[in-house]
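# Secondary and tertiary structure notes
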Amino acid sequence: MQSDYILSEDQVNVFRHDIKPRKAKPRQSKAPATATEEDTLTWSKDVEEATPADGDVHHTTCTERWKAAQRDDLKRMWAIYLETGIFLAACRHGLIWWICDMVESGELAKYPLAIVNQALEVFKIRLGIGYDIGCSFTQTVAHSTLGPKAKENKLRFVVPAFHGYAHRRLCQLSFHPLLVTGFGLEDLETCERIFASFNGLAPTTRYSSQFHRHQSIDLYAQQHDDDKYSELSAFILNNYKQVQNILDELPSAIAALQSGKTSEETAYHQHIEAERRFLTERQSKEISYDTFACDYLQHLLEYREAKRVYDDAMEFILRNTGKFKSEQLEKRAHLMKQHAFENYERIQDMLHALELLHQDKIKTRWTPDMEEWKNAEVYLATREYQQALNKLEGLVIARLFELHKMGLSGTGYKMRTHINKALKTRCKAIQNALKKYNIAAQALNRQQLDWKAISTYGSLAEFELLHDSRSDVQKEPWADRTNREAASLSFKIERANEERVRLNVEISRLVDSMRSEESHLEACIAKLRADKSPLTTQVVGILAHRRRQNDVHRKRIQQAYRLPCYTGTRDLQESPNSASGSALEAAETVEDDQEFDADDDLLGQQQEGIDRFIGDLRFVTDT
Ligand SMILES: [Zn+2]
Ligand SMILES: [Zn+2]
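Residues numbered from 1 in each chain as written. Chains lettered and ligands numbered in written order. Predicted model: local features only at pLDDT ≥ 70, side-chain atom pairs only at ≥ 80, totals over all residues. Heavy atoms only, no water.

## Examining the environment of Ala433
Tracing the chain through its elements places Ala433 in helix H16 (residues 413-443). Placed 45 residues apart in sequence, Ala433 and Ala388 show a C-alpha to C-alpha distance of 6.6 Å. Not counting chain neighbours up to four residues away, the residues in contact with Ala433 comprise Lys391, Leu392 and Leu395. (Helix = DSSP H or I, 4+ residues; strand = E, 2+ residues; numbered from the N terminus. Contact = heavy atoms within 4.5 Å.)

## Section: helix H5 (residues 110-123)
Over its 14 residues, H5 extends 20 Å from the first C-alpha to the last, a length consistent with the 20 Å expected when each residue adds 1.5 Å. Counted residue by residue, H5 has ten buried out of 14 residues, so it is predominantly covered. Residues of H5 that are buried include every one of Lys110, Tyr111, Pro112, Leu113, Ala114, Ile115, Val116, Asn117, Ala119 and Leu120, and no others. Directly beyond the C-terminal end of H5, a positive phi value near 60° is found at Lys124. (Expected span 1.5 Å × (residues − 1). Buried < 20%, exposed > 50% of the residue type's maximum accessible area, 1.4 Å probe, protein only.)

## Re the side chain of Arg92
Tracing the backbone shows Arg92 in the loop between strand E2 (86-90) and strand E3 (96-101). A relative accessible area of 18% means that Arg92 is categorised as buried. Within the structure, the side chain of Arg92 is placed 2.9 Å from the side chain of Glu499, a separation counted as a polar contact. Those residues in contact with Arg92 that sit more than four places away from it in its chain are Glu186, Thr190, Phe235, Asn239, Glu499, Arg502, Leu503 and Glu506. (Polar contact = N/O pair within 3.5 Å; in protein donor to acceptor, adjacent residues only side chain to side chain.)

## Section: the nonpolar core
One recurring pattern in soluble globular proteins is that nonpolar side chains are buried together. In terms of nonpolar packing, the biggest core is built from 40 residues, with Tyr240, Ile507, Leu510, Ile557 and Tyr561 touching the most fellow members. Among the domains, domain 1 (6-207) and domain 3 (487-617) are the pair contributing at least three residues each to this core. Leaving out residues up to four positions away in the same chain, Ile557 has contacts with Ile507, Leu510, Val511, Met514 and Leu572. Formed by 30 residues, the second largest nonpolar core is a distinct cluster that contains Ala114, Ile115, Val116 and Ala150. (Core = buried A, V, L, I, M, F, W, Y, C linked by side-chain atoms within 4.5 Å. Domains from an automatic or database assignment.)

As structure tokens, this is what we get:
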């Protein structure tokens, strides 16, 4: 038996030697250790260094972030559930294209390459694919044997809308589906949802042989696709309704944001270009802090503090000699002085050693009135600010992923409880990081953030701007908050118009395919009947099943026809009973209620924030 879904090991191994695993970049700073991270690491002892981003020789920060997010995302934990794990690709309607069995742990480049190869064979030109690390993987494909073929067929990768928030702004400008022409209103998070649903299969295949495992996966995928076929028209109708909403509401919202603006301030495509230029330029001359000056100043400050403590202890003893209430108190005071002196001496030795080592740079010991000291102070404050900002940003993004995973249907109760616990820990961590950030920001006279903005994720896109030390950036039209908001709304309208064109194509294709499949099956039945074949009842059953699904499709398509913004052809004749929507309502499935800790107000609030946030992001409603 050969499954249509599963790519064989041979098909995958063609790309085994395409990309050399690159050496891991040495970590600059240790990532914050959180409860989740430690838990996850104990689950995965075999940390695989090779990744599908290996072709990206420029070491973009995105790749590093992806790895970090992957840990927090508990992806490895999911992989444990699936034993060896699978790699899959699906179309935007959730129908599965192909599945690869991951033989080695971790996502090696050969799996996505094999799938991309297959997709290019089948779909050929102008294919758009969403992948968590679409940015780095673009480089991987370009450097692989698929490179010329991908270029010729104009293959385009983007980063799924939700995952986009873990990527740098510069990368988002080129890879976020909202900003890339042609991706419509697609959020490209389909695989994430399929993967979550596949976890239900894992316990039954854990101990089976490869053959039976493949058989189960194949059966599961068939059933999954049949379900998705039933939902096809719901997907189309929902997206069409989204288009309608956007075209109804956004133009007036944009007009309100644009009032009193010059034409230069509303040229949003130019804003994107200007922002890209600015960020590229900044990346090329990344501010290098004088680390030596920072370290030396830190030592000097410690030295001064130790000296102060020792002097205080000394003075206290001199002042109180002969006046101590008890012998014990006197003893303790002397002990404290002794400790302070030892500490002072230790730091002094370190300082001497440092000064000896850098004789060329330190002529005399720095004092607060010296130019070097003042410069180093600025360096130090900036470094502390940047570190606080990085930490805060990292925590907020990690939290976003966890909340997303928790809201995902198919996430088991046990896993949800686990994530819930991790979230509570992280909540406190974020509040602490926020406090530290605000102290650092105040020292530099920079914008402070509040918990509300952080918890509703309104400020995520602004993190990138906060990284910049030049305050004049804020005056650029593209950096203005209102303009940014108006820009993203105007891009939404652009994408909505693309979506409409695409949906028109999909509707007429669906109508056509229903018609031809039904008449094909009818012809088959007629022939089988004539031959008195025992297969007749089987095929009659298949047709009846399809008809039931298609009747629902036809009703939903009629609904789409009635939308004011509908611009496609109307190939489908109005059937007499199409006005009633009873069959339709019965066919809609309701997502199971998410169980949340009701008495945890903070989490509830957070979930609301994320719901709103995701609602803004993706327009495809799950049904
Ligand atoms: Zn990226
Ligand atoms: Zn599809």
